[in-house]
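Structural description and commentary
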Amino acid sequence: MALNTDSNDENSYIREEVSSLAGLDECEQHERQHYDLSMQHRPPDCMNLLEIALVLNTMGCLQSLGCNKSKVFRDSIVVSELSASIDAIPTSIDESSAVVLRYRTPHFRASAQVSVPPVHAKETWIVGWIQACNHMEFFNQYGEQGMSSWELPELQGGKISAISDSDGVNYPWYGNTTETYTIDGPTKKDTKFTVSMNDNFYPSITWAVPVSEGNVARLTHIHRDQSFTTWLVAINPGTQEMVILQTIKWRMTLDIDVDPSRPLGQRAKLLEPFAQEQPRILSQNEPIPRSALVKPNANDAQVLMWRPKDKRPIVVIPPKRR
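If you're wondering where the values come from, they're calculated on a predicted model, not measured in any experiment.

Analysis parameters
Residues numbered from 1 in each chain as written. Predicted model: local features only at pLDDT ≥ 70, side-chain atom pairs only at ≥ 80, totals over all residues. Heavy atoms only, no water. Buried < 20%, exposed > 50% of the residue type's maximum accessible area, 1.4 Å probe, protein only. Helix = DSSP H or I, 4+ residues; strand = E, 2+ residues; numbered from the N terminus. Pairing = 2+ DSSP bridges. Salt bridge = Lys/Arg side-chain N within 4 Å of Asp/Glu carboxyl O. pLDDT = per-residue confidence, 0-100. Contact = heavy atoms within 4.5 Å. Axes fitted to C-alpha atoms, helices over the stretch in contact; angles between N-to-C directions.

A word on the pairing of strand 11 (residues 221-236). Across the 16 residues that make up strand 11, a large majority, 15, are buried. The pairing of strand 5 (residues 124-142) with strand 11 spans 15 bridges and is antiparallel. Each bridged residue has a counterpart across the sheet, and for Gln 131 the counterpart in strand 11 is Thr 230. Sheet topology places strand 11 next to strand 12 (residues 241-258); 16 bridges connect them, and they run antiparallel.

Moving on: the pattern of salt bridges. Counting across every chain of the model gives 8 salt bridges. Where Asp 87 meets Arg 109, a salt bridge forms, and the shortest distance between an N and an O atom there is 3.0 Å. You can see Asp 87 sitting in the loop between strand 1 (78-86) and strand 2 (92-94) and its partner Arg 109 sitting in strand 4 (residues 108-116), a full 22 residues away along the chain. Using a relative accessible area of 36% as the deciding quantity, one classes Arg 109 as partly exposed. The partner of Arg 251 in a salt bridge is Glu 277, with the nearest N and O atoms 3.8 Å apart. Here Glu 277 lies in the loop between strand 13 (268-270) and strand 14 (280-281) and Arg 251 lies in strand 12, a separation of 26 residues in the sequence. Overall, the relative accessible area of 34% leaves Arg 251 in the partly exposed class. One salt-bridge network, in which partners are shared between bridges, spans Asp 225, Arg 251 and Glu 277.

Chain-level pLDDT for the protein is 86 on average; 78% of the residues reach the 70-or-more range. In the model, residues 1-31 has pLDDT below 50 throughout and makes 9 contacts with residues more than four positions away in sequence or in other chains. Counting interchain partners and residues more than four positions distant, the pLDDT-below-50 stretch residues 34-39 has 6 contacts.

Taken in spatial order, the 3 strands make up an open sheet running 2-3-10, and their pairing is antiparallel. Every other strand in the sheet has two partners, leaving strand 2 and strand 10 (204-206) as the edge strands with one partner each. Taking the axes of each pair of neighbouring strands and ignoring which way they run, one obtains an average angle of 25 degrees across the sheet. With 3 bridges joining them, strand 3 (residues 100-104) and strand 10 adopt antiparallel strand pairing. Directly across from Arg 102, in strand 10, lies its bridge partner Ser 204.

Position of Ala 162 among the secondary structure elements: in the loop between helix 4 (153-156) and strand 7 (163-164). Using a relative accessible area of 0% as the deciding quantity, one classes Ala 162 as buried. Residue contacts for Ala 162: discarding those within four places in its chain leaves Ala 132, Cys 133, Asn 134, Leu 155, Pro 289, Ser 291 and Ala 292.

Written out as structure tokens, the structure reads:
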């Protein structure tokens, strides 16, 4: 009878173990079985330490599952109908003012349709455009007297590789109208939307030397060459998680010859090339430098210098923010 009782108890124990293992996946079953076998050969004083180790291991598995879910979410963000272009028109020149010459470059434009999977948690995701300037040459020549130049000291000095081109309010975003879209979770289905942006130059260049008191036209040449990187990005503001979806490179160049001796309206002439190089959508994304995500932006950091031919340079307009 004793043998039969032991057999029944053993069978009951096996049924309980099978039942408890039924709700576990293969990995968890293996861990449980390994744990049980280990316990049969351990003295009681080791039990607590091993149980703690098992709990910690289980927590690691949960964290891994969380990471996997996050990766699945990131990989499930779909970008379709991505476009990036610069208008196929030449830079226009405006000589209507007796004080300044104005020019307007064609627009760089970027647009993307995005589909974001359901956001199961109570969290927020923002998808939009971030832009940074990587290189800037902006010189205005005034004959033999010298030249004025808009400069980004830290960028030109090599201290940073890029500087934010944010609107100066909604860092790090280029803007907050058509440029971004916000998803507030939880959501039950995919969220589909379009984000777009555009950029161009429309500066005013004085006919006269910037530091002179008179208004005699001396401007003889304008040169500008700027390069930008534009990223399509998804950011979770709560966790600071960032997903780079696309990377675009583009450049705007121009040269204008000016004859200040000619009548107003007949002074400036746009030089070739008249059409801009079209943007490149990279097949492999580039990381975003920290300097492209924080203050200051390019407009606040730039300084206008007057560089006379034979004298020390003069700061005409200091940076708004360093």
